[in-house]
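# Descriptive analysis of the structure
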Amino acid sequence: VIHAVNPYVLGSGGVFYARLLGLPLVASYHTNVATYALYYRLGFLHHPARWWTRQMHNRAGLNLCTSEATRAYLLSEGIKHVRLWSQGVDTRLFHPGKASLEWRNELSGGHPEAPLLLFVGRLAPEKGIERLKAVLRALPGARLALVGEGPARVGLEREFAGTPTVFTGLLRGEDLAAAYASADAFLFPSTTDTLGLSMLEALASGLPVVAAGSGAAHEVVESGQSGLLYDPRSEGALVAAVRRLFGEQGLRQRLSRGARTAAEQRDWASATRVLRGYYEEVRKGR
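Report on the accompanying structure. Keep in mind that what you see is a predicted model, and the values were worked out from it rather than measured. (Residues numbered from 1 in each chain as written. Predicted model: local features only at pLDDT ≥ 70, side-chain atom pairs only at ≥ 80, totals over all residues. Heavy atoms only, no water.)

A few words on the environment of Gly110. Considering the arrangement of structural elements, one finds Gly110 in the loop between helix H5 (101-107) and strand S5 (116-120). Between the C-alpha atom of Gly110 and that of Pro151, which follows or precedes it by 41 residues, the distance is 27 Å. (Helix = DSSP H or I, 4+ residues; strand = E, 2+ residues; numbered from the N terminus.)

In structure tokens form, the structure reads like this:
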């Protein structure tokens, strides 16, 4: 079996070799390239990217995606044989016990006593990170840490100049786990992600997630149990959600416990068993 991940450029080689060698093909969809073209002022590529997506994925015996929202989108685009492959999270690496006063001091710019908000992910136009500036305006004293690298970093550094925001660059492994666990809340304003693995890592770290209520976020965050979802069309709704998180007595602590409980139900062993089952299914030609 050949598994082609995101068969657009390099991944399309998997499609070619599967046909050349007469092997069963599984393809998985993780990035909405067609939509991203609009964010990078490459709108002329939007329709060709949709066409190419259909061409590549419809050569696979099975197409996997990581959320029901993405599955519905792919089916609407004419892609066939689409199945759900729920992702897992390493709950041993990402754990509330990884909290560190040293990291909290670093992420808060030397103000560990202040409410500490965190974003982890690619610093890119489609993530909507600039919307978080409204939260800092509305919550005097709060601090924001942006973890990651990407093409929008320079622009974001200009956008957040003069605000209590720390850019850490890319973090991995134990450093990343400590960054999650040392914050108070995780903010996820993106409306384009097919899953949002960073949301799962935040939940595993005991961080309540405040996320735009669109796409896959509904399948990761249970509003009122492990975090809060807000109307992505309203900047005020984002601010109100964060205010509620810190203003309602006991809410953040309760959501923190719910976040960890939710993450513990998403282990990689189960996700891998499901994937191996799909491989066996396509190998037998079912």
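With that settled, the discussion passes to the environment of Gly247. Within the secondary structure, Gly247 is located in helix H11 (residues 235-247). By relative accessible area, Gly247 is classed as exposed at 62%. Here the alpha-carbon distance between Gly247 and Pro112, two residues 135 residues apart in the chain, equals 19 Å. (Buried < 20%, exposed > 50% of the residue type's maximum accessible area, 1.4 Å probe, protein only.)

In this section: the nonpolar core. Formed by 63 residues in total, the largest nonpolar core has its most connected members in Leu118, Leu132, Phe160, Tyr180, Phe186 and Met199. For this core, the element with the most residues is H11, which contributes six residues. Not counting chain neighbours up to four residues away, the residues in contact with Leu118 comprise Leu144, Ala145, Val147, Ala179, Tyr180, Ala183, Ala185, Phe186, Leu187 and Leu207. (Core = buried A, V, L, I, M, F, W, Y, C linked by side-chain atoms within 4.5 Å. Contact = heavy atoms within 4.5 Å.)

Attention now moves to the pairing of strand S8 (residues 185-188). Burial of S8 is two-sided: the residues Ala185 and Leu187 facing one way and the residues Phe186 and Phe188 facing the other way are all buried. Two strands pair when backbone bridges link them, and S5 and S8 are joined in this way by two bridges, in the parallel orientation. Counted as the bridge partner of Leu118 is Phe186 from S8. Inspection of the sheet shows S8 paired to strand S9 (residues 209-212) by three bridges, in the parallel sense. The partner of Phe188 across the bridge, within S9, is Ala211. Following the backbone out of S8, through helix H9 (residues 197-204) and into the adjacent parallel S9, one traces a crossover that is right-handed. (Pairing = 2+ DSSP bridges. Right-handed = clockwise from strand over helix to strand, strands pointing away.)

Nonpolar side chains collect at one region of the surface, where Leu38, Tyr39, Tyr40, Leu42, Phe44 and Leu45 lie side by side and expose about 540 Å² of accessible area between them. On the secondary structure map, Phe44 appears in the loop between helix H2 (33-39) and helix H3 (46-57). (Patch = residues over 30% accessible without salt bridge, like charges linked within 9 Å, V, L, I, M, F, W, Y side chains within 5 Å. Areas by Shrake-Rupley, 256 points an atom, 1.4 Å probe, with all protein chains shown as cover. Salt bridge = Lys/Arg side-chain N within 4 Å of Asp/Glu carboxyl O.)

Counting through the fold element by element, Pro115 comes out in the loop between H5 and S5. Between the C-alpha atom of Pro115 and that of Pro140, which follows or precedes it by 25 residues, the distance is 9.6 Å. What Pro115 contacts, discounting residues up to four positions off in sequence, is Arg104, Gly141, Ala142, Arg143, Asp184 and Phe246.

Strands belonging to one sheet form pairs held by backbone hydrogen bonds; the direction of such a pair is parallel or antiparallel. Strand order in the open sheet made by the six strands is S7-S6-S5-S8-S9-S10, with parallel pairing throughout. Each edge of the open sheet carries a strand with a single partner, namely strand S7 (165-169) and strand S10 (227-230). Averaged over all neighbouring strand pairs, the angle between strand axes comes to 20 degrees, with direction disregarded. Pairing of strand S6 (residues 143-147) with S7, which is carried by four bridges, proceeds in the parallel orientation. Across the sheet, Ala145 pairs through a bridge with Val166, a residue of S7. The strands that helix H8 (residues 173-181) touches are S5, S6 and S8; relative to S5, the one it contacts most, it runs at about 140 degrees. On the sheet, H11 packs against S5, S8, S9 and S10 and is oriented at approximately 160 degrees with respect to S10. (Axes fitted to C-alpha atoms, helices over the stretch in contact; angles between N-to-C directions.)

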